[in-house]
Amino acid sequence: MRAVALQCAPMTGKTRVHALRLLGAFLAGDDHYRASAGPYGDGGPQALERALDLFLARPELGFVWLACRGDTALGACVVCYAISTSRGTLVAKLDDVTVDVSARGEGIGAAMLASLIAYLRAGGVTRIDTACHRANAGAWRFYERLGFRPLDEERLALLI
């Protein structure tokens, strides 16, 4: 993994606009996400706005992690906390990992997740769970390069 100079941190009220831009583009345009958007109950841009507000109001539940170069946000991902009965610790659920189209292939995603892993480890988190669409070969390779391993499980969703 090549060194990439980024400043990474949880979203704040001031950087919310960057999260909205990056995650909005991902949720609207990623074919693999769109393939499961219906069962997920995708609520469009208004749902994203509400989610960002919830992250700011309830940081104990999770946060949006942003990777910036100067004043430009280039990457974002969503992290929610859970308690693992198998680990007996806090774990993190990672969703919506995205890098701005203009910066893909520069190592931004790997650098963003490396800094996120260090941040979570320092906070007592002992595992990161994520999901990846089975047809998204590029994302599978990305996660495997970072040490993620398949669980041979399938995620299910129930709207309530």
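Being a predicted model, the structure only gives us computed values, none of them experimental.

## A few points about the overall build of the chain
Link 1 in the chain: When helices and strands are tallied, the chain shows 5 helices and 5 strands.
Link 2 in the chain: Going from N to C terminus, the chain has its helices and strands arranged as β-α-α-α-β-β-β-α-β-α.
Link 3 in the chain: In summary, the chain has a C-alpha radius of gyration of 15 Å against a globular reference of 15 Å for 160 residues, a match within 12%.
Link 4 in the chain: Summarising its shape, the C-alpha atoms of the chain cover approximately 40 × 35 × 35 Å along the three principal directions.
Link 5 in the chain: Looking at the 160 residues of the chain, the share that counts as buried comes to 33%.
Link 6 in the chain: Counting only contacts in the chain whose residues sit at least 6 apart along the sequence, the fraction spanning at least 24 positions is 65%.

## Looking at the packing of aromatic side chains
Link 1 in the chain: Counted under the stated rule, the structure contains 8 aromatic pairs.
Link 2 in the chain: Measuring from ring centre to ring centre gives 6.4 Å for Y33 and Y40, while their planes differ by 20°; the resulting arrangement is stacked.
Link 3 in the chain: Ring geometry for F142 versus Y143: centroids 5.3 Å apart, planes at 65°, classification edge-to-face. Y143 shares its class with F142; the two are buried.
Link 4 in the chain: Here the aromatic cluster, defined as three or more aromatic residues joined through ring pairs, consists of F63, W65, Y81 and Y119.

Scoring rules and cut-offs
- Residue positions are counted from 1 within each chain, in the order its sequence is given.
- Restriction of local features to residues with pLDDT of at least 70 applies here, the model being predicted, together with a cutoff of 80 or more for giving and counting side-chain atom pairs; totals for whole chains, interfaces and linings are based on all residues.
- In computing side-chain properties, one takes all heavy atoms of the structure into account and sets aside hydrogens as well as water.
- Helix and strand assignments come from DSSP, with helices taken as H or I runs of at least 4 residues and strands as E runs of at least 2, each series counted from the N terminus.
- Within these notes, the globule rule equals 2.2 Å times the number of residues to the 0.38 power, and the radius of gyration is based on C-alpha atoms.
- Working definition: with a 1.4 Å probe on protein chains only, accessible area under 20% of the residue-type maximum means buried, over 50% means exposed, and in between means partly exposed.
- Whether two residues are in contact is decided by their heavy atoms, any of which lying within 4.5 Å being enough.
- Note on ring pairs: Phe, Tyr and Trp rings are taken, using the six-membered ring of Trp, and paired if centres are within 6.5 Å. Classes follow the plane angle, with under 30 degrees stacked, over 60 edge-to-face and the rest tilted.

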